[in-house]
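# Tertiary structure, described
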Number of protein chains: 2
Amino acid sequence: MAPADDQAIEARALDAAEELFYARGLQAVGMDAIRGASGISLKRLYQLFPSKEALIEAYLRRRDERWRAALERYVDDRPAGRERLLAVFDWLGRWFAEPGFRGCAFVNSYGELGATSPGVAAAARAHKDAFRRHLAALVAEADAPAALADHVLLLAEGAITTAALTGGAEPARQAREAVELLLSRSSS
Amino acid sequence: MAPADDQAIEARALDAAEELFYARGLQAVGMDAIRGASGISLKRLYQLFPSKEALIEAYLRRRDERWRAALERYVDDRPAGRERLLAVFDWLGRWFAEPGFRGCAFVNSYGELGATSPGVAAAARAHKDAFRRHLAALVAEADAPAALADHVLLLAEGAITTAALTGGAEPARQAREAVELLLSRSSS
DNA sequence: CACCCCGGAGAACGACCGTTCTCCGCGCGG
DNA sequence: CCGCGCGGAGAACGGTCGTTCTCCGGGGTG
């Protein structure tokens, strides 16, 4: 068995885990459901991930990497400066409009298991930290005051949860609007 | 047995449910734990609430009423106008600093069971709707443009989840700062 | 061809949970 | 004083879940 097989199978397992965990929640999805969706036997699943907790943490880790990479790819297509910072909210708006959007996987996971599972809590904190650092870099690039990074983070975070609850994409537009106002204020 | 007894027992049940559900999550708390914390027998619990779902919904309903009443009491002590709108974030800051603060009960519940339980999803939406209406009224009182209500909602929402993840109260101060900037911008 | 090992399918196991049932004691109406 | 019904404690039941085990077939090796 080539290691390439292992990697491909692991990827399929994580694909199934991500789809199910994100759509239905962590505790609502049993290992059997992941086996059914991935076609990977329970035995093999437990060889790749020693426990459901480990699978959950691997799911969160990979989702963090992919989510941030997708955001970065999107905003890096814009010219550096205010445009690039504002593009964050265009990307959020596209995300909100995707079918099956159900809010931030890390916030959802933290609400469900953060109190019980230190691994889940740490993953959520790491994700938000990395997001915040990215925003701070964009704010610096836009020559805006550093405090704006916190404001932008709160607006993005609020837009994500509000979009999850209302099911629409307008929070992205509203948050972008607020950032534009804050930017014009800080440069006056 | 006087109905007053029933109400007192129901209140004790909801007290226990609120403490446990909020601290540990909905699915992590069994009916047995609520019986242990409240001292109310399972039989009586099921007489008051026909199912765990019903207890969860009653918990959310009561928490919504109390949360919004506490906020309203706090901000109504300030003079009408911008001060009153900004007081929302002072109140949030006090809430964040309370021991056991773990974010918005409705966002957490929605992340955990919103996909499975329509009742939980509806309760979360109703709570955010009512909060938004309250903010809109405060924005109108402050003679600020109506669009500011959405911006303030996003900042408050973002502050709540960010405070939950980082464990500090600064997001309230940062959000207040952003609202001040937006207010000064809109009146210039 | 015989052997062996790996992986798949699914049963099995132990724990837990929501809900109901049994049994018992206690207080009130005759 | 005698029943009788309500409430409490906890066992019981049915289902689910995480995890492990059993059994079996198939493919590579001598």
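Residues numbered from 1 in each chain as written. Chains lettered and ligands numbered in written order. Predicted model: local features only at pLDDT ≥ 70, side-chain atom pairs only at ≥ 80, totals over all residues. Heavy atoms only, no water.

Turning our eyes to something else, we now look at helix H7 (residues 118-141) of chain A. The end-to-end C-alpha distance of H7 of chain A is 35 Å, a good match for the 34 Å that 24 residues give at a rise of 1.5 Å each. Its buried side turned inward, H7 of chain A meets helix H4 (52-76), helix H5 (82-97), helix H6 (105-113) and helix H8 (147-166) of chain A together with helix H8 (147-166) of chain B. Positive backbone phi, approximately 60°, marks Asp-143 of chain A, located one or two places after H7 of chain A. (Helix = DSSP H or I, 4+ residues; strand = E, 2+ residues; numbered from the N terminus. Expected span 1.5 Å × (residues − 1). Contact = heavy atoms within 4.5 Å.)

Around DNA strand D, a shell composed of 13 residues is seen, among which Met-31, Tyr-46 and Lys-52 of chain A together with Lys-43 and Arg-44 of chain B lie nearest. When atoms of DNA strand D within 4 Å of the protein are split into backbone and base, the sugar-phosphate part holds 61%. Within the side chain of Tyr-46 of chain A, one N or O atom sits 2.8 Å away from a phosphate oxygen of DNA strand D. In the environment of DNA strand D, a phosphate oxygen lies 3.0 Å from a nitrogen or oxygen atom belonging to the side chain of Ser-41 of chain B. Where the surface near DNA strand D is concerned, the elements lending two or more residues are helix H3 (42-48) of chain A together with helix H3 (42-48) of chain B. If one sorts the elements of the surface near DNA strand D by residue count, H3 of chain B sits on top with 3 residues. Tallied by class, residues from the surface near DNA strand D come to 4 nonpolar, 4 polar and 5 charged. (Near = heavy atom within 4 Å. Polar contact = N/O pair within 3.5 Å; in protein donor to acceptor, adjacent residues only side chain to side chain. Nonpolar A, V, L, I, M, F, W, Y, C, P; charged D, E, K, R; others polar.)

Now for unusual backbone geometry. Trans peptide bonds make up most of the peptide bonds, and negative phi angles are found at most residues other than glycine. Backbone geometry at Asp-143 of chain A places phi at a positive 60°, although glycine is not the residue there. Along the chain, the position of Asp-143 of chain A falls in the loop between H7 and H8.

Looking now at helix H2 (residues 31-38) of chain A. All names here are of chain A. All buried positions along H2 are accounted for by Met-31, Ile-34 and Ser-38. Buried positions in H2, seen along its axis, are confined to an arc of 55° and lie on one side of it. Within H2, the exposed residues directed more than 90 degrees away from the buried face are Asp-32 and Gly-36. Just beyond H2, the residue with positive phi is Gly-39, at close to 75°. (Buried < 20%, exposed > 50% of the residue type's maximum accessible area, 1.4 Å probe, protein only. Arc of directions from axis to C-beta.)

With that out of the way, let us pick up the relation of the copies chain B and chain A. Of the transformation placing chain B onto chain A, the axial shift is 0.0 Å and the rotation is 180°, giving an RMSD of 0.0 Å. The superposition of one copy onto the other is thereby described by a two-fold rotation axis. Of the C-alpha atoms belonging to chain B, the one lying closest to the rotation axis is found on Gly-158 of chain B, 1.9 Å away. Most of the interface of chain B is mirrored in chain A, where 100% of its interface residues again form contacts. (Least-squares fit on C-alpha atoms with pLDDT ≥ 70 in both.)

For Lys-128 of chain B, the location among the structural elements is in helix H7 (residues 118-141). What makes Lys-128 of chain B buried here is its relative accessible area of 10%. Contacts of Lys-128 of chain B, omitting those with residues within four sequence positions, involve Leu-165 of chain A together with Cys-104, Val-107 and Glu-157 of chain B.

The next subject is the packing of H5 of chain A against H8 of chain A. Residues and elements named next belong to chain A. The N-to-C vectors of H5 and H8 enclose an angle of 10°; their axes lie 11 Å apart at closest approach. Relative to H8, the element H5 is oriented roughly parallel. Residue-level contacts link Leu-85, Phe-89, Leu-92, Trp-95 and Phe-96 of H5 to Leu-148, Val-152, Leu-155, Ala-156, Ala-159, Ile-160 and Ala-163 of H8. Here the contact of H5 with H8 is built from residues that sort into 12 nonpolar, no polar and no charged. (Axes fitted to C-alpha atoms, helices over the stretch in contact; angles between N-to-C directions. Parallel < 35°, antiparallel > 145°, perpendicular 65-115°, else oblique.)

Now for the domain arrangement of chain A. It is common to give the size of an interface as the accessible area lost on bringing the parts into contact. Residue and element names in this part refer to chain A. Considered domain by domain, chain A is made up of domain 1 (1-50) and domain 2 (64-187). Contacts between domain 1 and domain 2 engage 9 residues on the former and 10 residues on the latter. Interface area for domain 1 against domain 2, summed over the two sides, is near 700 Å², with a carbon-plus-sulfur share of 46%. Sorting the residues of domain 1 by area buried against domain 2 places Tyr-22, Leu-26 and Gln-27 first, and these three jointly supply 76% of that buried surface. The interface formed by domain 1 and domain 2 contains 0 salt bridges. Here domain 1 is connected to domain 2 by 5 residue pairs in polar contact (both at pLDDT 80 or more). (Domains from an automatic or database assignment. Buried area = accessible area lost by both parts, 1.4 Å probe. Salt bridge = Lys/Arg side-chain N within 4 Å of Asp/Glu carboxyl O.)

We now examine the environment of Ala-142 of chain A. Structurally, the position occupied by Ala-142 of chain A is in the loop between H7 and H8. When the C-alpha atoms of Ala-142 of chain A and Glu-83 of chain A are compared, they prove to be 8.3 Å apart, with 59 residues separating the residues in sequence.

It is worth spelling out the interface of chain B and chain A at this point. Listed as interface residues are 37 residues of chain B and, on the opposing side, 37 residues of chain A. Carbon and sulfur atoms supply 64% of the area that chain B and chain A bury against each other, a total of about 3,300 Å² over both sides. At the boundary of chain B and chain A, one finds 0 salt bridges. The interface formed by chain B and chain A contains 14 residue pairs in polar contact (both at pLDDT 80 or more). At the level of elements, helix H1 (3-24), helix H6 (105-113), H7, H8 and helix H9 (170-186) of chain B are the ones that each hand at least two residues to the side of chain B that touches chain A. No other element matches H8 of chain B, which puts 13 residues into the side of chain B that touches chain A. Tallied by class, the residues present in the side of chain B that touches chain A amount to 17 nonpolar, 11 polar and 9 charged.

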